[in-house]
Amino acid sequence: MGGLGIWALPILLGASFWQAYEGRGSVETVNSAEEAPEGLREVQHTATEKKDNQYGGLCRTTYCGRGRECVVRQLTGQADCVCQEKCHSSFVPVCGSDGHFYENHCEVYRAACLQKRRIYVVHSKDCFFKADTCTMAEYNKLKNMLLDMQPKGLTKGEDTLANTMDQKRALVDTMFKYLDMNHDGHLSSEELAQISMKEHLEDSLLECTMQDLMRYDDYNNDGVLTLQEFYTAFQVVQLSLPEDERVSVATVTVGLSTVLSCTIQGTLRPPIIWKRNGIVLNFLDLEDINDFGDDGSLYITKVTTIHMGNYSCHAYGYEELSQTHVLQVNVPPVILVYPETQAQEPGVAASLHCHADGIPNPKLTWLKNGLDLQPHGSKQLSLIANGSELHIGSVRYEDTGAYTCIAKNEVGVDEDISSLFVEDSARKTLANILWREEGLSVGNMFYVFSDEGITILQPGDCEIRRHIKRSERIVASYEEMCPKSEGITPQHCVWASAVSVRDKYVYVSQPLQKRLLVIDTQAQKVVQAVETDPVPVKLFYDKSHDQVWVLSWGDIQKTHPTLQVIAQASVGELHYTIRTKFQRVEDFYIPPTNLIITHVRFGFVFLKAEAAVHKIDLETLHHVKTISLKNYSCVPASMAYTHLSGYYFIQCQGKNNSSPQLLVDSVTDAIIGPNRGVTGHPFVSPDGRYVVTPDNGNSKLQIQTISFQGKLQLGPKLDVPAPVSDLVFQPSFAESNQYVTVASSAQGSDLLFSNLSTGASKVVRSLKEPLLAKHWPWGSANRVVVSSGLFGQYLVTPSAESLFVLDGRQNSLHCEVSDIKRGNTVVWIGEV
């Protein structure tokens, strides 16, 4: 029977650490022969069958349970489960329910399979020292006494974590040589008896004798102890990791499963511990990291982009020797073209746009009517921004056709078609009808909410397409859109927040009317008023569940804040709010979607003056868990999220919007720590690759990047007109998969354009003074900046008395629209 390893002691005593490591406790039923299907009851496999696990074939999707392994039958070519041929040599001694001692858990499950009966692990020492006065404690005393009997002159040295095991090994080596009187490399019973008499060990009060070394640590029962068996008896762990395997890079496609194997090997290797961002994974009940194999492997099922990043493994108690696994998650391209159809007259210019997201970055190519397009050397055709825009300088009749954009990377391909019709306006064709209707489009407009009502603006021509006056009636109730409120003279509209709902509706809050208005973008009319709790100030549209979330303060002093939800927001019916159970709500956060991440499961709620964020299920509206921030004395003020490695950025409350940030890992919901000294409100680009934080205290814009391996890196710091009021991301017109950030000033008339890939910046000046902060009590952004979507060229930003339209392609002022007062609530309605 084998010796008891130092890591085995907690198992036998039922300590919580190893109960957590075991995971399933002492009621294993997976190896019950009675419950196993007939095909799983094979005892062994023959030479004509082969294991298939390592090749990723049929066995990749076959789970056999512990104690069994998958083989592919040569005759049938089918995957089948058989009893495990052998176990790994790790020594984690345990007792089985059959009363026998096993070297590790795997041996228990393998024995259960071979014997076709249920055997499970019991947390007891009975099978180690049955009917014997030599208890585990007494046996350890004997071994400690032997260690203390070292020859004079041998010192233990400094007791540090780095050299303790080396010192112990030298001590055991010396002891073995001392006990091995005939120097044959073996310790016999006679030699043990002689040393016992020589050192008068039989006179000690111990219940154990030297013969118990032979009894418990002679694994092969050959009547002698070798040096390796002596190492096992005294728990001398010998671990090794080849230098070229200290860092391992793995790549997996999103949606598949992967296994990370720890290649640390050695005698008496303790159980393997896995960490991500410094957080131990073994004891967490994670949905997608749910098994640690008998060999210490890490299993990740249905990999997503949040799983990318670094994973480290080490043997328990030996962190100084660790292996790092770098996991990159590849994503096939997802493509979007604009416009899907357009009609142009001969002689004008036309552009066809194509945007594709994927990991690695996709390469774009174009076909015309199924044939390769050759723009090189052509004055007529040109590809801009790595092929994301196909520009035709002066269209001709022969340019009519179906233009296919193809996006391709290492793991997939996607394509979409943008059609161009070139027809004279006098011809009566389908293309001509489409061309005529283009001018009547109700999409690609900014909705601007100001004192006088609602202005619907076409930005390219700076043309006001419609003005909904404050006195206009609501279709459903025939009430005035902006009735006069008590104490407000003269009468004007008061708005707080607006959202686009699938470009079909606009929801906008009226904080002094305790309601929302619903605007039909097709009819360009206000069709309904939805009653809310008093003072609704913040709206967010959750695309994943078609819900509009509403934060109301209760009154101007925020004494009774509540959170409400409008379900089925895009359905053309009468809407109403559902009050959630959350009280004292300070704010909420729901991560946005993009082309790759089309569904979001969880949101977060902040409560007043509480150092925590509360995770909620967006479908059921139920509380999932509370993530405490007390250890960092952080009361959350805002959040941002990137799906690359799944980082949450939490800004803590502080003065002047320059408070520190915390990093939270969405895989484990654990706090990683401060975000490298970055302070301020975080903003994340739509593709998740850039984190931009205005530091108003230093008048800087801190750029951070997230690599495709999930590594968060500090980038440059850019000068910014401080304090920053709002910040948005504009797709670059010069390079695909890149962004320009646009930041407005809360106190000045300047606006900053910064290219995130190059760091180049341009300041647009003299945009007039913004609305005073005291005149905008509904949030921190007293001068918003709103972009015109993924393919839009224009942005708008208001001053106190007018509205400015900016050209994102030129990074310059496009036009000013006057007589729009307090137009600080703006939303874009697109056509894609």
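Since we're looking at a predicted model, the values are computed, not measured.

Student: Looking at this model, I keep getting lost on the overall build of the protein. Mind explaining?
Tutor: Check the secondary structure of the protein and you find nine helices and 58 strands. Scored against the burial criterion, the 832 residues of the protein give a buried share of 52%. The contacts of the protein with a sequence gap of at least 6 include a subset with a gap of at least 24, amounting to 54%. Total accessible area on the protein is roughly 37500 Å²; 50% of this is exposed by carbon and sulfur atoms.

Student: Is there a simple way to think about unusual backbone geometry in this case?
Tutor: Geometrically, the link from Tyr338 to Pro339 is a cis peptide bond, its omega value of -10° lying close to zero. Topologically, Pro339 is positioned in the loop between strand S18 (318-338) and strand S19 (341-344). Following Ile359, the chain continues to Pro360 via a peptide bond in cis, the omega torsion being -5°. Phi at Asn369 is positive, roughly 55°, even though this residue is not glycine. In this structure, Asn369 sits in the loop between strand S21 (363-368) and strand S22 (371-372).

Student: Explain the pairing of strand S24 (residues 389-392) here, please?
Tutor: The side chains of a regular strand alternate between the sheet's two faces. Where strand S20 (residues 350-359) meets S24, four bridges bridge the pair, whose relative direction is antiparallel. Across the sheet, Ala350 pairs through a bridge with Ile392, a residue of S24. Of the pairings in the sheet, the one linking strand S23 (residues 381-384) to S24 comprises four bridges and is antiparallel in character. Paired with Ile384 across the two strands is Glu389, which belongs to S24. Following S23, the chain reverses through four residues before pairing antiparallel with S24; Ala385 in that reversal takes a positive phi of roughly 55°.

Student: Explanation requested: the state of the cysteines in the structure shown.
Tutor: Such a bond, covalent and formed between the sulfur atoms of two cysteines, is termed a disulfide. Summed over all chains, the structure comprises nine disulfides. Two residues share a disulfide in this structure: Cys87 and Cys106, whose sulfurs sit 2.1 Å from each other. What sets the handedness of the Cys87 and Cys106 disulfide is the S-S torsion sign, and at about -80° it is left-handed. Here Cys87, found in the loop between strand S3 (79-83) and strand S4 (94-96), pairs with Cys106, found in helix H3 (residues 105-115); they are 19 residues apart in sequence, far enough to count as distant. For the pair Cys87 and Cys106, a shared accessibility class is recorded, and that class is buried.

Student: It is not clear to me how the pattern of salt bridges should be interpreted in this structure. Could you clarify?
Tutor: Between side chains of opposite charge, pairing is possible as soon as their charged atoms come close. In this structure the tally under the stated criterion is 22 salt bridges. Where Asp669 meets Lys615, a salt bridge forms, and the shortest distance between an N and an O atom there is 2.8 Å. Placement of the pair is Asp669 in the loop between strand S44 (660-665) and strand S45 (670-679) and Lys615 in strand S40 (residues 612-617), with a sequence separation of 54 residues. Looking at Lys615, the relative accessible area reads 8%, which means it is buried. The structure contains a network of salt bridges with shared partners spanning Lys615, Lys625 and Asp669.

Student: So what exactly am I meant to see when it comes to the sheet that holds S21 here?
Tutor: One key point about sheets: their strands pair by backbone hydrogen bonds, in either a parallel or an antiparallel sense. Strand order in the open sheet formed by five strands is S19-S26-S25-S21-S22, and the pairing between neighbours is mixed. Lying at the two open borders of the sheet, with one neighbouring strand each, are S19 and S22.

Student: What should I look at first to understand the environment of Glu463 in this one?
Tutor: Residue placement: Glu463 occurs in strand S29 (residues 463-469). Overall, the relative accessible area of 35% leaves Glu463 in the partly exposed class. Through-space distance from the C-alpha of Glu463 to that of Met445 is 9.8 Å; in sequence the pair is 18 residues apart. Contacts of Glu463, omitting those with residues within four sequence positions, involve Ile456, Leu457 and Gln458.

Student: When you look at H3 in this model, what are you seeing that I'm missing?
Tutor: Side chains of residues three or four places apart in an α-helix project in the same direction, reflecting 3.6 residues per turn. Considered for burial, the residues of H3 that qualify are His105, Cys106, Val108, Tyr109, Ala111, Ala112 and Cys113. Just downstream of H3, Lys116 is the residue with a positive phi angle, here 55°.

Student: Whenever I open this one, helix H4 (residues 136-148) confuses me. Can you help?
Tutor: Here H4 spans 18 Å end to end across 13 residues, near enough to the 18 Å set by a 1.5 Å rise per residue. Looking only at H4, the buried set comprises Met136, Glu138, Tyr139, Leu142, Lys143, Leu146 and Leu147.

Student: Explain empty space enclosed by the protein here, please?
Tutor: Applying the stated rule across the entire model yields six cavities of 30 Å³ or more. Size it by volume and the largest cavity reaches roughly 220 Å³. In terms of lining, the largest cavity is formed by 17 residues, of which the most central are Ser388, Pro731, Ser732, Leu790 and Phe791. Tallying contributions element by element places S20 first for the lining of the largest cavity, with three residues. Partitioned by chemical class, the residues of the lining of the largest cavity number seven nonpolar, eight polar and two charged.

Student: I'm lost on the sheet that holds strand S42 (residues 636-642) in this one. Help?
Tutor: Pairing in this open sheet of four strands is antiparallel, and the strands run S42-S43-S44-S45 from one edge to the other. In the strand order of this sheet, the two ends are held by S42 and S45, each with one partner. In this sheet, adjacent strand axes meet at a mean angle of 25° when their direction is disregarded.

Student: Whenever I open this one, the environment of Asn290 confuses me. Can you help?
Tutor: For Asn290, the location among the structural elements is in the loop between strand S14 (279-280) and strand S15 (291-292). Since its relative accessible area comes to 42%, Asn290 is described here as partly exposed. When the C-alpha positions of Asn290 and Ile300 are compared, they lie 7.2 Å apart, and in sequence the two are ten residues distant. Every residue in contact with Asn290, bar those within four places of it in the chain, is listed here: Tyr299 and Thr301.

Thresholds, definitions, all that
- Residues numbered from 1 in each chain as written.
- Predicted model: local features only at pLDDT ≥ 70, side-chain atom pairs only at ≥ 80, totals over all residues.
- Heavy atoms only, no water.
- Helix = DSSP H or I, 4+ residues; strand = E, 2+ residues; numbered from the N terminus.
- Buried < 20%, exposed > 50% of the residue type's maximum accessible area, 1.4 Å probe, protein only.
- Contact = heavy atoms within 4.5 Å.
- Areas by Shrake-Rupley, 256 points an atom, 1.4 Å probe, with all protein chains shown as cover.
- Pairing = 2+ DSSP bridges.
- Disulfide = S-S within 2.5 Å.
- Salt bridge = Lys/Arg side-chain N within 4 Å of Asp/Glu carboxyl O.
- Expected span 1.5 Å × (residues − 1).
- 1 Å grid on protein atoms, 1.4 Å probe; cavity = no way out; pocket = protein on both sides within 12 Å on 5 of 7 lines; lining within 4 Å.
- Points joined across faces, edges and corners; volume = space filled by probe spheres on them.
- Nonpolar A, V, L, I, M, F, W, Y, C, P; charged D, E, K, R; others polar.
- Axes fitted to C-alpha atoms, helices over the stretch in contact; angles between N-to-C directions.

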